[in-house]
Structure formats: C-alpha cells, structure tokens
Amino acid sequence: MNVLDYFDARIVGLTATPGKATFAFFENNLVIEYPHEQAVADGINVPFDVFRVRTEVTEGGGKIEEGAPVQIQDRTTRAKRWEKMSEDFEYPPEMLDRQVTTPHQIKTILTVFKDRWQEIFPDRENLPKTIIFAKDDNHAEIITGIVREVFDEGNDFAQKITYRSGDKPQDLIKSFRNSFMPRIAVTVNMVATGTDIKPVEIVFFMRAVKSRAYFEQMKGRGVRVIDGDTLQSVSGADAKEKDRFVIIDAVGVCDMEKMESRPMERKREIGFNKLMEMVALGSTDADVLISLAGRLARLDRKLPEEEKTEIITATGGLNLADLAKSLVDATDERKQYQQAQHGLAEKGETREPTEDEITAVADKFIKEAVRPLRRPEVRNAVIAAKEKNEMLIDRITIDTVKEAQFDYKVQESAKKKTESFRAFIEKHKDEITALQIIYTKPRKSQITYEDIKQLAERINTAGMTEGNLWAAYAKLDKAKVRGVGKERLLTDLVALVRYALQQTDILYPFADQVNENFNHWLEEQAGKEFNDEQMRWLENIRDHIAANLRIVRDDFGLAPFEQDGGLGRVYELFGDELDGVLNDLNERLVA
C-alpha cells in the first residue's frame, strides 16, 4: 500500500526488462529507469566484459558432400541411424543446432574456452561458475557431453539443468549455487530467468536470442553481487572477489541490435592512471567517463575500510562509489534531457529543449562530476589505494642480464657514460637550442619545453636516457646525487646538463631546484603577504613551471587551474600584478 501511495497511482508495474507490451499497457508512462550502469555505480550489480569466439562454421555454415555418411537422430526418441547423403548439402549458420548439429564446431568452441579461460581470469586456479545457454534440450545434452570430454574432470564437473533433467533439476540448481560442483551448468530456459545464483561469473551464449528482454534476463544471471567469503566457499580460496562477470559470446548475440546495455569497460586499452589523467585534463568523452566509473566501482569493492576512509578524507566526503555514480549520472542522456526540460519549465516555456540546451546541461553535469578528480590529492589517493591493493604479474616481458660484474667494472661503465654525455654536450652545444641556452646562460633567452624535447630526442638517439645518466652519476658519487630511483621528468635534463657542466655541485631533480628557488623568491617578497588561496595558486604555478619550464596565460585553461576558476580567478587574486608575478616566476624559478 505504501508503494501505491508513493506513486499516487492505481496500477504500478515494476520490472527490470519492460517489453513493448508493457510500454503499451502503461501508455509509455515510464516513471523511473534504473540502467545497468547505475546499478554498478551503486554497488548492486557488477560490470561485465565480452569475450567473443568465432569459428568458420559459426560464421559461414558448412557443407556435406554427396555420398558422405551422416548420422540422423530422432528428436523425440533420440534414436540414431546412419545414412549416406544422396546429394550435396550446404547449410547456413542459422541451421546450426536446429536442423544440423556439428559436434566438431561445438568442440572447437569449448576447446577455446578451456584453453583461454585463465586468460580471462588470470588469478584463478578453478574455473569460475559458468552457465552455458543452449538452443534446446538436445543441444544441451550434446554440449554437456562435449564439455565433459574437453575438460576431462568427471561427470560432476558439468551438469545439464533443464526441465528434462528428471526429478532433480531443483537439486542441481541448489548444488550449482551452494557447492563446489558442478562448475558448469548447461541449460536452455530453466536458469535463464528468475533464478538467483550469485557465484556465476561466466555467462556463455551458444544460442542466439531475438528478444531484448529475454536476453537482458539471461545476461542478468551474472550481474549479482556476492561477498568474498561466500564466493570462496563455492569457488575456492583463489576466488577472493567477484568484481565483474564475463559473457562468452560464441554466436554473435552481443552484436545484435537488441542489446541495450554495454560493457562499462569501453576503453580497455587505456590504463587506469591514464584515464584519471585524461579526466584531469578535461576529457568529457562519455566512454572515458563510463570506463573510469566502472573501474572506480570495482576498486571500491576491493579496498579495506581504512583505505576507503583515506579517499573520503581526500575528496572531502565522497567515496569511490559516489565518484562512480556521479560519472554515470553525468553521462545519462535521459537525465540530461530531463534537466534541460526542467530548466525550460522554470522559465514558463513548454517547448522541447534544443540540442544546444541539452549539450549545455551535459557540460554542466560532467564538469561537476569530474571536479573532485581534477584535484591532484584526490587522484593521488585513488591511485595509491589501487596500487597498494594490486600486484601486476608481467608474464610477457622476457628479462635479460644487463649487468653482472665486479664493482670496479661498474664504476668504469658509469664513468664512460658520463664522459660520453659530456662529450655529447661539447659536440652539440652550438646546434641544440637547449644546450646553447644552458651552456652560455644568456639573460634574455629562456629555455622552453620544446627545446628540452628536442634535446631528449637527440640524447635518446645517441643511446642515452635521463634515467641511465642519473644512475651513472649516482654510482660515481652517490653523496652528490639526489632522487635516485624516482620517476624522471623531462625537465630533469636541465639538471643533468648543468651538473655535467659543473654549474652545480649537487645533482638533484629539477622540481626540487624549482621549489628551492620558489622559497627564495617568497623570502624576497618583503612587505607582501599572500593569503591561503593566493599561496595555493602560487604553488600550482610553481609545479607547472617545474614540469613545463614556464607558464603563460593560456595555461590557466588547463588542470588544475581550470576547475578553480582559470584565468578569471587568478586575475581576481593578483590583479594588475599578475603579469609581473608570472614573468618574475618564469625567470627566477628556472634560473
């Protein structure tokens, strides 16, 4: 009754997969939608990936030549007999497992599955719980037999669960849900809808599905969230968490127009840190935001409470689930349209919003959603938490011995590298702009980032890198070298060249030098007091110069300046003195 009171309606329909008949009955009066992406962001569902398997027969059908022996099976009695083909017979893919069954095609697909599943779940020793959807009971029977043959793990490993499974289908479902065996359930309709089996992590389609609603229900067998202890109890100690499920698509079902929800992982080729950087630099691409939302939601399930607390502190009250949800909401076209429509209604206008008006709302939504992630302390906290809870296992890279010799040989090698670097500087000091400026130190010329890029390219061509040179100087005199083992910035080349030319006695990262110069500059600002906001802007300007060698007005349109008001705000803070401050910092910090 409370539900009816809440909606103020005589009839309320609640369904996860409304069809055309449902929309027609309710006259398209859709009160609320709750898409898969939103459920993932809320921690109610897990996201999914799609692993596609294609074979020649699946794509192109097959041909049986005249005179070839074939087996014929009666659908009802399952009785089989052998016959010779009276003429050539070609069959298209649509006839597979309807009128024609090709066991080798099924075996080929299942062999790929057996050989590749650990590529899909690289940290698992036991095959995750898998549902295979077959076309009919006969097809399910064949698949079950071939699964047992291919995996060779005994009959309990794979079970057919259909309405023809005798008087025990419910017992089989219970075992599949609560016990280690079976690992694979082959079904047609019985486990397709309305059956909650949370440990399922692989949904395997060996049948096409024309109904969007039915497909979403079948796919939904994998979305259920499960706690780690329960998952381990049925899938083994290595199954520490369910942070996604995988669709194995052997028939192209995911390519059909009916599929509405998409995998949240739409930028798999882009690393987590790079996605964070793209958002920080202003990317509003929906696929980037949705991919990042999916990864944040997955990470949220992995983190212990103390690390979640650290992130909440860094964001000022938001957790990873909040960040993921805001990204999903920001890219929801329906919500963008509704907000644009609401804005018009407030103005007393009854027309439909224009594309420009919807785009303006979308821009506002996205800007607000990504605002926390454009703050360096938030990104650093998230990345640190992720790296702390993951170990990358690189099984691809082949290592080779780079150095195995007595220490005096190491010293000799380092000395040769530094001597080669000094010789390189002497040889090219008149032709490479960066070397010209650093070598002669003219007061009216300032080195630029492009100059350093050119120098780096030339040094790399000569077989040297910033990291190798830094390590070589450390081997010769570690007491004079700072920042060993840290990730090098391109601007560290300035520090390397100055040290090689003996313009400095200590080799330390360029950013440290900039920071030291910055502190000296602050001390010299006698009579000037900067408030907290001005100091924060000055420190961001300092960091920008450390990474880019200089700052210009246009740079205030970039992160981290843009989210704090950009050029307009910095001008409000420093007024007519802004250009003088920038010129002073550009000159003094890089000196």
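Coordinates for the structure precede this section.
This structure is a prediction, so every number in the text was calculated from the model and none was measured.

Chemist: I'm lost on the pattern of salt bridges in this one. Help?
Modeler: Opposite charge on two side chains permits pairing when their charged atoms draw close. Overall, the coordinates contain 23 salt bridges when judged by the stated rule. Of the charged contacts in the structure, one is a salt bridge between E305 and K308, with a shortest N-O distance of 3.8 Å. Of this pair, E305 and K308 are both found in helix α12 (residues 305–315), 3 residues apart, which corresponds to roughly one turn of the helix. Exposure remark for E305: the relative accessible area of 54% places this residue in the exposed category. A salt bridge links E533 to R569, with the nearest nitrogen and oxygen atoms 2.7 Å apart. Within this pair, whereas E533 is found in helix α23 (residues 532–548), its partner R569 is found in helix α24 (residues 566–574), the two being separated by 36 residues in sequence. Within the structure, one salt-bridge network assembled from shared partners comprises K325, D329 and K335.

Chemist: Please clarify how the pairing of strand β6 (residues 130–133) should be interpreted in this entry.
Modeler: A regular strand places its side chains on the two faces of the sheet in alternate fashion. Neither face of β6 is exposed, since T130 and I132 on one face and I131 and F133 on the opposite face are all buried. Where β6 lies against strand β8 (residues 184–187), 4 bridges are found, and the strand directions are parallel. Within the sheet, the bridge partner assigned to I131 lies in β8 and is A185.

Chemist: Any chance you could explain the side chain of R542 here in plain terms?
Modeler: Here R542 lies in helix α23. Among the polar contacts made by the side chain of R542, one reaches the side chain of D543 at a distance of 3.0 Å. Leaving out residues up to four positions away in the same chain, R542 has contacts with V514, N515, F518 and L589.

Chemist: When you look at the side chain of N540 in this model, what are you seeing that I'm missing?
Modeler: Its location among the elements puts N540 in helix α23. On the accessibility criterion, N540 (18% relative accessible area) is buried. Here N540 is in contact with P560 and F561, once residues within four sequence places are set aside.

Parameters and conventions
Residues numbered from 1 in each chain as written. Predicted model: local features only at pLDDT ≥ 70, side-chain atom pairs only at ≥ 80, totals over all residues. Heavy atoms only, no water. Salt bridge = Lys/Arg side-chain N within 4 Å of Asp/Glu carboxyl O. Helix = DSSP H or I, 4+ residues; strand = E, 2+ residues; numbered from the N terminus. Buried < 20%, exposed > 50% of the residue type's maximum accessible area, 1.4 Å probe, protein only. Pairing = 2+ DSSP bridges. Polar contact = N/O pair within 3.5 Å; in protein donor to acceptor, adjacent residues only side chain to side chain. Contact = heavy atoms within 4.5 Å.

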